[in-house]
Amino acid sequence: MTDSLIDYASASGDDTPRDVSPPPAAPKGADTYRYTLDGATHDVPVNFWDPDTQTLRLGSLLKSHGDLRTRMGQQQKAPESYEIQLPDDLKDAMTANPDDPLAKSAMDWARKHGLSQEAFNELAEAFFRNEAGAFDADAYRTDQLQALEEHLGGKAEHVRQEVGQWFGALMGQDFKDDPELLAAAEDLAADARGVLLLKTLRDRLTERGVPDTRGGESGRATDDEASLRRLQASDAYQREGHPDHATVVRRVQEGWARVARSGS
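Conventions adopted
Each chain has its residues counted from 1, running along the sequence as written. Whole-chain, interface and lining totals are the exception, using all residues; otherwise, since this is a predicted model, local features are given only for residues with pLDDT of at least 70 and side-chain atom pairs are given and counted only at 80 or more. As a rule here, side-chain values cover all heavy atoms of the structure and leave hydrogens and water aside. Where helices and strands are cited, they refer to DSSP runs of H or I of at least four residues and of E of at least two residues respectively, numbered from the N terminus. Under the scheme applied here, a residue whose accessible area is under 20% of the maximum for its type counts as buried, over 50% as exposed, and between as partly exposed, the area being computed with a 1.4 Å probe on protein chains only. By the convention used here, residues are in contact when the closest approach between their heavy atoms is within 4.5 Å. Using a 1.4 Å probe, accessible areas were evaluated by the Shrake-Rupley method; residue-level cover was limited to the displayed protein chains. In plain words, nonpolar cores are sets of buried Ala, Val, Leu, Ile, Met, Phe, Trp, Tyr and Cys residues tied together by side-chain atoms within 4.5 Å. Nonpolar side chains (Val, Leu, Ile, Met, Phe, Trp, Tyr) within 5 Å and like charges within 9 Å form the patches, drawn only from residues with over 30% relative accessible area and no salt bridge. Note on definitions: salt bridges are taken to be side-chain nitrogens of Lys or Arg within 4 Å of carboxyl oxygens of Asp or Glu. Geometry is summarised by axes, namely lines fitted to C-alpha atoms with helices restricted to the contacting stretch, and by angles between N-to-C directions that run from 0 to 180 degrees. An angle below 35 degrees is treated as roughly parallel, one above 145 as roughly antiparallel, one from 65 to 115 as roughly perpendicular, and anything else as oblique. Strands are labelled as partners when DSSP assigns at least two bridges between them. Helices are assigned an expected span. That span is 1.5 Å times one less than the residue count. Any two of the Phe, Tyr and Trp rings considered here, Trp counted by its six-membered ring, make a pair once their centres fall within 6.5 Å; the pair's planes then place it as stacked at under 30 degrees, edge-to-face at over 60, or tilted in between. Under the grouping applied here, Gly and all other residues not named as nonpolar or charged are polar, the nonpolar ones being Ala, Val, Leu, Ile, Met, Phe, Trp, Tyr, Cys and Pro and the charged ones Asp, Glu, Lys and Arg.

Engineer: Even after reading the chapter, I still don't get the overall build of the protein chain, so can you show me in this structure?
Structural biologist: For the protein chain, the count of helices and strands is 10 helices and 4 strands. The buried share among the 264 residues of the protein chain stands at 23%. When contacts within the protein chain are restricted to residue pairs at least 6 apart in sequence, those whose partners lie at least 24 apart make up 49%. Working note: accessible area of the protein chain is about 19500 Å², and carbon and sulfur atoms make up 52% of it.

As structure tokens, then:
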């Protein structure tokens with residue numbers, strides 16, 4: 001049977017007024033009561049409802065509202081400048097640079113939206129932890145060593161040592177004078193492509209010498225008797241096990257041949 005759409009009260013001949021006010025609020029759940037006011041129904045937290053009188057505890061409601069406004073007024077405002085703080089467990093793995101353009105943009109955004117230093121710290125920590133998870137230094141080094149092995153085969157370890165000794169001897173004093181130059185070199189040598197670039201540079205300089213644009217021919221400026229004798233006295237020429245031995249021997253032979261031709 002469905003509910004009737006009409007009121008049968010007047011048809012029964014009984015004109016006694018009926019109470020048509022809404023029924024008293026009943027519990028909706030464990031934490032709220034349903035309350036209707038001016039045609040709108042509200043879910044009232046149980047601590048603001050008096051079940052004995054079936055009415056709102058207006059005093060409690062007003063006090064709670066006042067406390068909320070007080071807490072909102074006491075919220076910390078955005079500082080004039082933010083401090084970028086790394087989580088303690090990430091301080092050895094990465095650095096925080098407040099002058100980084102991304103950091104400056106983040107601080108401008110936080111200031112615009114009124115973030116406190118504490119809120120900004122939470123935002124920064126989430127970023128740094130994401131960065132730390134995205135870059136694994138040990139995994140990266142393993143990948144670069146593997147790339148060198150694939151390119152150089154069993155000579156990879158030997159080439160790394162020889163290139164390091166050559167580059168250190170060539171630039172040692174410059175690295176002492178300029179730590180930033182050393183940092184740039186270390187960044188280059190941390191990548192397999194950087195090591196291969198240094199090896200190629202060393203090989204070319206050993207084979208051809210430093211290009212002399214004034215003479216018009218690369219390497220010919222060193223093809224005099226004194227420079228050739230210096231090459232013959234070098235470890236690369238004297239020691240067959242040196243990785244540049246064959247290249248230097250060839251260069252010395254070709255150099256003496258050119259000297260002989262020029263003197264004839």
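Read on for the rest.
Engineer: I keep staring at the nonpolar core and nothing clicks. Help me out?
Structural biologist: One broad rule of soluble globular proteins: the nonpolar side chains tend to lie buried together. Ranked by internal contacts, the top residues of the largest apolar core, which has 13 residues, are Leu148, Leu152, Phe167 and Phe175. It is helix α5 (residues 156-177) that provides the largest number of residues to this core, a total of 6 residues. For Leu152, the contacting residues outside a window of four places in its chain are Val159, Leu196 and Lys199. In this structure, Tyr82, Ile84, Leu86 and Ala110 belong to the second largest nonpolar core, which totals 12 residues.

Engineer: Teacher, can you tell me more about a nonpolar patch on the surface here?
Structural biologist: Nonpolar side chains collect at one region of the surface, where Leu58, Leu61 and Leu62 lie side by side and expose about 280 Å² of accessible area between them. Within the fold, Leu58 resides in helix α1 (residues 58-73).

Engineer: Sorry if this is basic, but what is going on with the packing of helix α4 (residues 137-152) against α5 here?
Structural biologist: The description of two packed helices rests on the angle between their axes and on the distance between the axes. Packing of α4 against α5 brings their axes to within 9 Å, and their N-to-C directions diverge by 105°. What the angle tells us is that α4 and α5 run roughly perpendicular. Listed contacts from α5 to Arg141, Leu145, Leu148, Glu149 and Leu152 of α4 are Ala156, Val159 and Arg160.

Engineer: Please clarify how the pattern of salt bridges should be interpreted in this entry.
Structural biologist: Two side chains of opposite charge can pair, provided their charged atoms sit close to one another. Throughout the structure, instances matching the rule amount to 9 salt bridges. When the shortest N-O distance is used, the salt bridge between Arg160 and Glu157 registers 2.6 Å. Of this pair, Arg160 and Glu157 both sit in helix α5, 3 residues apart, which is roughly one turn of that helix. For Lys199, the salt bridge identified is with Asp203, shortest N-O distance 2.9 Å.

Engineer: Looking at this structure, how should I read the pairing of strand β2 (residues 40-45)?
Structural biologist: Consecutive side chains of a regular strand alternate in pointing toward one face of the sheet and then the other. Sheet topology places strand β1 (residues 32-37) next to β2; 6 bridges connect them, and they run antiparallel. Within β2, the position partnered with Arg34 by the bridge is Asp43.

Engineer: Would you mind showing me how to read α5 here?
Structural biologist: Because each turn of an α-helix spans 3.6 residues, side chains separated by three or four positions end up pointing in the same direction. Under the 1.5 Å per step criterion, the end-to-end length of α5 is 30 Å for 22 residues, consistent within 8% with the ideal 32 Å. Those residues of α5 that sit buried are Ala156, Val159, Glu162, Val163, Phe167, Met171 and Phe175.

Engineer: Looking at this model, I keep getting lost on the packing of aromatic side chains. Mind explaining?
Structural biologist: What describes a pair of aromatic rings is the distance from one ring centre to the other and the angle between the planes of the rings. Inspection of every chain in the model, using the stated rule, returns 4 aromatic pairs. Measuring from centroid to centroid gives 6.0 Å for Trp166 and Phe167, while their planes differ by 25°, and the two rings are stacked. Counting every residue linked through ring pairs, the aromatic cluster contains Trp166, Phe167 and Phe175.

Engineer: Any chance you could explain the packing of α5 against helix α6 (residues 179-189) here in plain terms?
Structural biologist: In the contact formed by α5 and α6, the axes pass within 6 Å of each other and the chain directions differ by 140°. Accordingly, the angle class assigned to the pair α5 and α6 is oblique. Residue-level inspection shows Phe167, Met171, Asp174, Phe175 and Asp177 of α5 in contact with α6, the latter providing Pro179, Leu181, Leu182 and Ala185. Looking at the contact of α5 with α6, its residues break down into 7 nonpolar, no polar and 2 charged.

Engineer: Mind showing me how you'd approach the environment of Thr55 here?
Structural biologist: As for its position among the elements, Thr55 is in strand β4 (residues 55-56). Sequence separation between Thr55 and Tyr35 is 20 residues, and the spatial gap between their C-alpha atoms is 8.7 Å. Not counting residues up to four positions away in its chain, the partners in contact with Thr55 are Phe48, Trp49 and Asp50.

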